[in-house]
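One-letter residues, chain by chain:
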Amino acid sequence: MSITNFPGSANSSPLDSSITKVTIPALAEMKRQGKPISALTAYDYATSRLVDEAGIDLVLVGDSLAMVVMGHDNTLAVTVDEMLHHTRAVRRAVRRALVVADMPFGSYHGTPAEGVANAVRFIKEAGAEAVKIEGPRVALVEALTVAEIPVIGHLGLTPQSVHRMGGYRVQAKTTDAAQQIKADARALEEAGAGLLVLEGIPREVAAEITAELTIPTIGIGAGPDCDGQILVFHDMVNLSFAPKAKFARRYADAAGLFRAAIEHYREDVEHRAFPSDEESYHLSSTVRKELEAERTETLPVKQLRKA
């Protein structure tokens, strides 16, 4: 892996030279050495910092934030400006992992030049170190590569194609479809893609693609034979408020933890158990005595007026 030192935010120190920064070439080397690649989505400073400090290799600012953060029914509604906003927050937190920004629906569906222009914004304005696009968009990958923008492809179940697919359905289940996705994967690699996400396809197909490509594959619902795996952070910790997908293992119940904490807080407020005296600020003894003296001096005057 290459070591890169870069300045942090205005109120943070530069990256410690002992930290090995994950890069696209570093992930390719992991594939060559047979080392599994870990990846997670993240959308804000706090969770991104936890993900990075836990040693995750790749952090994806996924357009899934449209659903798990913004409450939309699918990923199509999120805008470039919203994705830039969240990518900036993630970039401020991450020191080691590769930061990848999802390009949202409509931001790369025109000409390759338009797609490159939008990708430049993610690199230049938000600090992303790579962008991810869905579908076999070979011409766009070539254009991004020429523009020195690392690009990650995404094949199989592509959520931005939900209307064309008729829902979130497993892809590449027939012989023809399996052959097509393998051809698309090879074409994206040849065009310059640095990694490839494989989503919602049979394990056997993902294994063949992984064996054929020299670039790493990152699976989500594609079986254990990919070079790495990615999950949506909110699915992993039960914060998505949606039925669990077959491939989305839950490692914690954050919803239960948060709900219990919130209910406990509400009860303490209702019973005046929060805040306690120890959690309150107090006047100094000198000021208290001065105020008491003032009250004592004004008391006779007030009583006389009342009489």
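Quick summary incoming for the structure in this document. For clarity, every value in this text was computed on a predicted model and none was experimentally measured.

This part is about the overall build of the protein. If you tally the helices and strands in the protein, you get twelve helices and eight strands. Relative to the 2.2 N^0.38 estimate, which gives 19 Å for 307 residues, the radius of gyration of the protein is 26 Å and therefore markedly larger than a compact globule would have. On the principal axes, the C-alpha backbone points of the protein span a range of 100 × 40 × 35 Å. Taking all 307 residues of the protein together, 44% fall into the buried category. The average position of the 33 basic charges and that of the 40 acidic charges among the side chains of the protein differ by 3 Å.

Next up on the list: helix α5 (residues 112–124). With 13 residues, α5 ought to run about 18 Å at 1.5 Å a step, and its terminal C-alpha atoms sit 18 Å apart, in line with that. Among the residues of α5, those classed as buried are Gly 115, Val 116, Ala 119 and Phe 122. Seen along its axis, α5 keeps its buried residues to an arc of 110°; they face one direction. Seen from the open side of α5, the exposed residues pointing more than 90 degrees away from its buried face are Ala 113 and Lys 124. The elements touched by buried residues of α5 are α4 (80–93), β3 (98–102), β4 (130–132) and α6 (138–146).

To continue, consider the nonpolar core. One broad rule of soluble globular proteins: the nonpolar side chains tend to lie buried together. Counting residues in hydrophobic clusters, the biggest one holds 59 residues, and the most contacted among them are Phe 122, Val 131, Leu 144, Leu 196, Leu 198, Ile 201 and Ile 209. No other element matches helix α8 (residues 175–191), which puts five residues into this core. Not counting residues up to four positions away in its chain, the partners in contact with Ile 209 are Ile 181, Lys 182, Ala 185, Leu 196, Leu 198, Ile 201 and Thr 217. Counting 17 residues, the second largest nonpolar core, distinct from the first, contains Val 22, Met 30, Leu 58 and Val 100.

What follows concerns the sheet that holds strand β6 (residues 195–199). Spatially, the eight strands close up into a barrel ordered β1-β2-β3-β4-β5-β6-β7-β8, and their pairing is parallel. Averaged over all adjacent pairs, the angle separating strand axes in this sheet is 25°, with direction ignored. Both β6 and strand β7 (residues 217–220) contribute to a ladder of four bridges, which runs parallel. Its bridge partner lying in β7, Glu 199 is registered against Ile 220.

Tracing the sequence through the fold places Lys 31 in helix α1 (residues 24–33). On the basis of relative accessible area, Lys 31 is assigned to the buried category, the value being 16%. If we ignore the near neighbours within four places in the chain, the residues touching Lys 31 are Thr 210, Leu 213, Thr 214, Ile 215, Pro 216 and Asp 227.

We now examine the pattern of salt bridges. Tallied over the full model, the rule gives 14 salt bridges. The partner of Glu 29 in a salt bridge is Arg 32, with the nearest N and O atoms 2.9 Å apart. In this pair, Glu 29 and Arg 32 both sit in helix α1, three residues apart, roughly one turn of the helix. Its relative accessible area of 27% is what places Glu 29 among the partly exposed residues. Where salt bridges share partners, they join Asp 81, Arg 88, Arg 121 and Glu 125 into one cluster.

The rules behind each value
Residues numbered from 1 in each chain as written. Predicted model: local features only at pLDDT ≥ 70, side-chain atom pairs only at ≥ 80, totals over all residues. Heavy atoms only, no water. Helix = DSSP H or I, 4+ residues; strand = E, 2+ residues; numbered from the N terminus. Rg over C-alpha atoms; globule rule 2.2 N^0.38 Å. Buried < 20%, exposed > 50% of the residue type's maximum accessible area, 1.4 Å probe, protein only. Lys, Arg positive; Asp, Glu negative; His and termini not counted. Charge placed at Lys NZ, Arg CZ, Asp CG, Glu CD. Expected span 1.5 Å × (residues − 1). Arc of directions from axis to C-beta. Contact = heavy atoms within 4.5 Å. Core = buried A, V, L, I, M, F, W, Y, C linked by side-chain atoms within 4.5 Å. Pairing = 2+ DSSP bridges. Axes fitted to C-alpha atoms, helices over the stretch in contact; angles between N-to-C directions. Salt bridge = Lys/Arg side-chain N within 4 Å of Asp/Glu carboxyl O.

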